[in-house]
Amino acid sequence: MQLKHLEPFRLSLEKLKEVSTRLRKDMIRGLGKHTHHRAAVKMLPTFVRATPDGTEKGDFLALDLGGTNFRVLHVRVMEEEQKMVKMDSQLCAIPQEIMLGTGEQLFDHIAACLSEFLDSQNLKGQTLPMGFTFSFPCEQKEIDKSILIRWTKGFNCSGVEGEDVVKLLKEAIHRRGDYDISSVAMVNDTVGTMMSCGYRDQTCEIGMIIGTGTNACYMEEMKNVKRVEGEDGQMCINTEWGGFGDDGSLEDILTEFDKVVDRTSINPGVHTFEKMISGMYLGEIVRLVLMKLTEKKLLFKGEVSEALRTKETFETKFISMIEDGLENAKKILTELGLTWDLVDARVVRLVCETISSRSARLCAAALATIVDRIRANRGLPHLKTTVGVDGTVYKKHPNDELQKAMHFLAPDCKIKFLVSEDGSGKGAAMVTAVAQRLALQSRLLEESDGEEDEEEKVRS
Ligand code: BGC
């Protein structure tokens, strides 16, 4: 079946290669001291300097904000069994009026949820080290100082962009006055995913999310991170690849439907790449294509239903359901008030497959850029590495498309995908645990240096 309206979504492997080359250049721009401020791909230093080595341990609190829910977790890292256990957790919905309200309302809501959890766990007297997964682009100044660059994924709370998120959280807790917290390590969800998978598989040095939004992080050589002092070792970089194309560099692959999705979003011009890939937008792209095909009388005998005419009524989860089987397609079309025949159901399925396959192939192009960069950084002819992955879009769709494209685009890299369970929450605990391990190691090193100096003095 051929539909000319779907052609612009079909990206050849050659085109994907071009996209990957463009991203490579943008990543270099994002890392540069003087080019960073104009770069569409932000390449944000995370101050996470090491992945787990398996000796981490202890009890931690983890906060997780990234979608329509906020979660608090109590996590125990057990060295002997090499595992992280969620002791307990609590979920608080973030209603839409808070997502679009003031920053103060948002952080008061978070502080209230945390208070309830600490009460229920009898943890108010203790000050456990805390990791905060905050899944939005932040300019991190230190591990516990993180300035929100901009909201994405439907959030738009006033007075938070340009502010330190840790400070806003602490202020909200002080306003309550019923408990206090000690240090907070700020983490992006990609970093959390990489770190939690990294505890299971110590070759994991990339984290990728394909969920409501999309993004990836990876371990970069410090000498290439020009905006942070120091040449030795590595640092995890949060690429914020969702912003790829915000400077117009993807104009040639944007379809008329992508442009409508962007124009009618709450953040036009922002996160162009994300809007072609992630769960927040895929359903809407499909809806717009179905509308167009119906207007052209290629579907539903030219009759659009009220539901199909309404923005965001075609949920992203419908795509994977329809890909799963024609029976689901029939059910969903009926629920959307459409009068369909078998050909209609088949066409709708083809539209879903095309949109989800473009998403997977674009992700592959971006991921290939990262793995090949790690390989080149290390001067290796071949690289074997693990990617920690999370997000409903990844988990719900068949991933052979992504893997096939990766094969072609990064032929010198052998990649294992490790699906993270609860990574963005547990990962925040792991970042805190690794930071503690590094601090302890450097204290021990200083002490032993001190002892050597003493011995030296006694000898002379
Ligand atoms: C945010 C990223 C985040 C990604 C996945 C994007 O909208 O900018 O920081 O990692 O969504 O949640």
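Parameters and conventions
- Counting of residues starts from 1 at the beginning of each chain's written sequence and follows it residue by residue.
- It should be noted that, the model being predicted, local features are given only for residues of pLDDT at least 70 and side-chain atom pairs only at 80 or more, the latter also being counted only at that level, while totals for whole chains, interfaces and linings use all residues.
- Only hydrogens and water are set aside when side-chain values are computed; all heavy atoms of the structure are taken into account.
- UniProt positions are given in the numbering used here, feature names are shortened, and annotations may be inferred rather than shown by experiment.
- Note on disulfides: each one is a pair of cysteine sulfur atoms within 2.5 Å.
- Helix numbers and strand numbers start at the N terminus; a helix is a DSSP run of H or I with at least 4 residues, a strand a run of E with at least 2.
- Relative accessibility decides the category of a residue: with a 1.4 Å probe and only protein chains considered, values under 20% of the type maximum give buried, values over 50% give exposed, and everything between is partly exposed.
- Note on definitions. A residue lies near a molecule or strand when any single heavy atom of the residue is within 4 Å of it.
- Pairing of N or O atoms within 3.5 Å defines a polar contact, subject to two protein rules: one partner must be a possible hydrogen donor and the other a possible acceptor, and residues neighboring in sequence count only if both atoms are side-chain atoms.
- Using a 1.4 Å probe, accessible areas were evaluated by the Shrake-Rupley method; residue-level cover was limited to the displayed protein chains.
- Whether two aromatic rings pair depends on their centres lying within 6.5 Å, for rings of Phe, Tyr and Trp, where Trp uses its six-membered ring; planes under 30 degrees apart make the pair stacked, over 60 edge-to-face, and the rest tilted.
- A helix's residues, less one, multiplied by 1.5 Å, set its expected span.
- Contacts are assigned to residue pairs that have any heavy atoms within 4.5 Å of one another.
- Excluding any residue in a salt bridge, patches collect residues exceeding 30% relative accessible area, merging like charges within 9 Å and nonpolar Val, Leu, Ile, Met, Phe, Trp and Tyr side chains within 5 Å.
- Just to be clear on terms, a salt bridge is a Lys or Arg side-chain nitrogen sitting within 4 Å of an Asp or Glu carboxyl oxygen.
- Positive charges come from Lys and Arg, negative ones from Asp and Glu, while His and the chain ends are left out of the count.
- Here the site of a charge means atom NZ of a Lys, CZ of an Arg, CG of an Asp or CD of a Glu.
- To qualify as a nonpolar core, a set must consist of buried Ala, Val, Leu, Ile, Met, Phe, Trp, Tyr and Cys residues joined through side-chain atoms within 4.5 Å.
- Only protein atoms enter the 1 Å grid, on which a cavity is a set of points fitting a 1.4 Å probe that cannot get out and a pocket is an open set with protein on both sides within 12 Å along at least 5 of 7 lines, lining residues being those with an atom within 4 Å of a point.
- Grid points are joined across faces, edges and corners, and a volume is the space filled by probe spheres set on the points.
- By the convention adopted, Pro, Cys, Tyr, Trp, Phe, Met, Ile, Leu, Val and Ala count as nonpolar, Lys, Arg, Asp and Glu as charged, and the other residues, Gly among them, as polar.
- Each domain's extent was defined by an automatic or database domain assignment.
- Take the accessible area each of two parts loses on contact, using a 1.4 Å probe, and add the two losses: that sum is the buried area.

For the chain, an unreviewed UniProt entry supplies the name Phosphotransferase and the organism Xiphophorus maculatus. Heading Sequence similarities (unreviewed entry) of the UniProt record for the chain holds this comment: "Belongs to the hexokinase family."

J.: Which parts of the structure should I look at to understand the state of the cysteines?
T.: Two cysteines joined by a covalent bond between their sulfur atoms form a disulfide. According to the stated counting rule, one finds one disulfide in the structure shown. Across the disulfide from Cys92 sits Cys113; the S-S distance is 1.9 Å. Looking down the S-S bond of the Cys92 and Cys113 bridge, the torsion is 90 degrees, so its handedness is right-handed. In this pair, Cys92 sits in strand β4 (residues 83-93) while Cys113 sits in helix α3 (residues 103-121), placing the two residues 21 residues apart along the sequence. One exposure class covers both Cys92 and Cys113, and it is buried. In this structure Cys157 is a free cysteine whose sulfur lies 13 Å from that of Cys138, the closest cysteine sulfur available.

J.: For this particular structure, what's the right way to read the site of the ligand?
T.: Among the 15 residues in the neighbourhood of the ligand, the closest are listed as Thr152, Lys153, Asn188, Asp189 and Glu240. A distance of 3.0 Å separates an oxygen atom of the ligand from a polar side-chain atom of Asn215. Contact with the protein chains covers 98% of the free accessible surface of the ligand, which is 310 Å². Residue assignment for the shell around the ligand shows that the elements contributing at least two residues are α5 (189-200) and β10 (214-221).

J.: Which parts of the structure should I look at to understand the packing of aromatic side chains?
T.: Pairs of aromatic rings are described using the distance from one ring centre to the other and the angle between the two planes. A full pass over the atoms with the stated rule returns 11 aromatic pairs. On the basis of an interplanar angle of 65 degrees and a centroid distance of 5.2 Å, the ring pair of Phe244 and Phe273 is categorised as edge-to-face. Linking Phe244 in the loop between β11 (234-238) and α6 (256-263) with Phe273 in helix α7 (residues 272-277), this pair joins segments that are 29 residues apart in sequence. Exposure remark for Phe273: the relative accessible area of 0% places this residue in the buried category. Each residue in the set Phe132, Phe134, Phe136, Trp151 and Phe155 is aromatic and connected to the rest through ring pairs, giving one cluster.

J.: Would you explain α5 in this entry?
T.: In an α-helix, one full turn covers 3.6 residues, which means residues spaced three or four apart are oriented alike. Given a rise of 1.5 Å per residue, 12 residues ought to cover 16 Å, and the 17 Å separating the end C-alpha atoms of α5 matches this to within 8%. Across the 12 residues of α5, 11 count as buried, placing the element largely inside the fold. All of the buried residues along α5 are Asp189, Thr190, Val191, Gly192, Thr193, Met194, Met195, Ser196, Cys197, Gly198 and Tyr199.

J.: Is there a simple way to explain the environment of Lys33 in this structure?
T.: Structurally, Lys33 is set in the loop between α1 (13-31) and β1 (44-45). Sequence-wise, Lys33 and Asn224 are 191 residues apart; in three dimensions their C-alpha atoms are separated by 10.0 Å. Once residues within four sequence positions are removed from consideration, Lys33 is found in contact with Lys226 and Arg227.

J.: I'm lost on a negative patch on the surface in this one. Help?
T.: Residues Glu446, Glu447, Asp449 and Glu451 make up a contiguous surface patch of negative charge. Tracing the sequence through the fold places Glu446 in helix α15 (residues 423-459). Taking relative accessible area as the criterion, Glu446 reaches 57% and is therefore assigned exposed.

J.: Whenever I open this one, the pattern of salt bridges confuses me. Can you help?
T.: It is possible for side chains bearing opposite charge to pair when their charged atoms get close. Considering all chains together, one arrives at 38 salt bridges under this definition. A salt bridge links Arg22 to Glu18; the shortest N-O distance between them is 2.9 Å. With Arg22 and Glu18 both in helix α1, this residue pair falls four residues apart, about one helical turn. Assessed through its relative accessible area of 38%, Glu18 is described here as partly exposed. For Lys124, the salt bridge identified is with Asp119, shortest N-O distance 3.1 Å. Overall, Asp119 belongs to the partly exposed group, its relative accessible area being 47%.

J.: Just to check I follow, could you spell out the nonpolar core for this structure?
T.: Nonpolar side chains tend to gather and get buried jointly when the protein is soluble and globular. Counting 83 residues, the largest nonpolar core has Met208, Tyr218, Trp241, Val289, Phe314 and Val351 as its most contacted members. Sort the elements by how many residues they give to this core and helix α12 (residues 342-377) lands first, with 18 residues. For Val289, the residues in contact, after removing those within four places along its chain, are Leu6, Phe9, Phe257, Val351 and Ile355. Counting residues in each nonpolar core, the second largest holds 39 residues, with Leu61, Cys157, Leu169 and Ala172 among its members.

J.: I would appreciate a short explanation of empty space enclosed by the protein in the present structure.
T.: One way to see where empty space is left: roll a probe the size of a water molecule over the atoms. Counted by the stated rule, this structure contains two cavities of 30 Å³ or more. The computed volume of the largest cavity comes to approximately 70 Å³. Every residue lining the largest cavity is counted, 13 residues in all, and those nearest its centre are Cys138, Gln140, Val187, Asn188 and Asn238. At the level of elements, β1, β6 (138-142) and β8 (184-187) are the ones that each hand at least two residues to the lining of the largest cavity. Taken together, the residues of the lining of the largest cavity sort by class into eight nonpolar, five polar and no charged. Both of domain 1 (4-45 + 201-419) and domain 2 (58-187) provide at least three residues apiece to the lining of the largest cavity. Size it by volume and the second largest cavity reaches roughly 50 Å³. What lines the second largest cavity is Leu61, Leu118, Leu123, Lys124, Gln126, Thr127, Leu128, Met130, Tyr179, Asp180 and Ile181. Here the residues of the lining of the second largest cavity sort into seven nonpolar, two polar and two charged.

J.: Looking at this model, I keep getting lost on the domain arrangement of the chain. Mind explaining?
T.: It is common to give the size of an interface as the accessible area lost on bringing the parts into contact. Here the chain is partitioned into domain 1 (4-45 + 201-419) and domain 2 (58-187). Here the C-alpha centroids of domain 1 and domain 2 sit 27 Å apart. Every contact between the two is made by 17 residues of domain 1 and, on the other side, 15 residues of domain 2. Between domain 1 and domain 2 lies a buried interface of about 1,100 Å² when both sides are counted; carbon and sulfur atoms form 55% of it.

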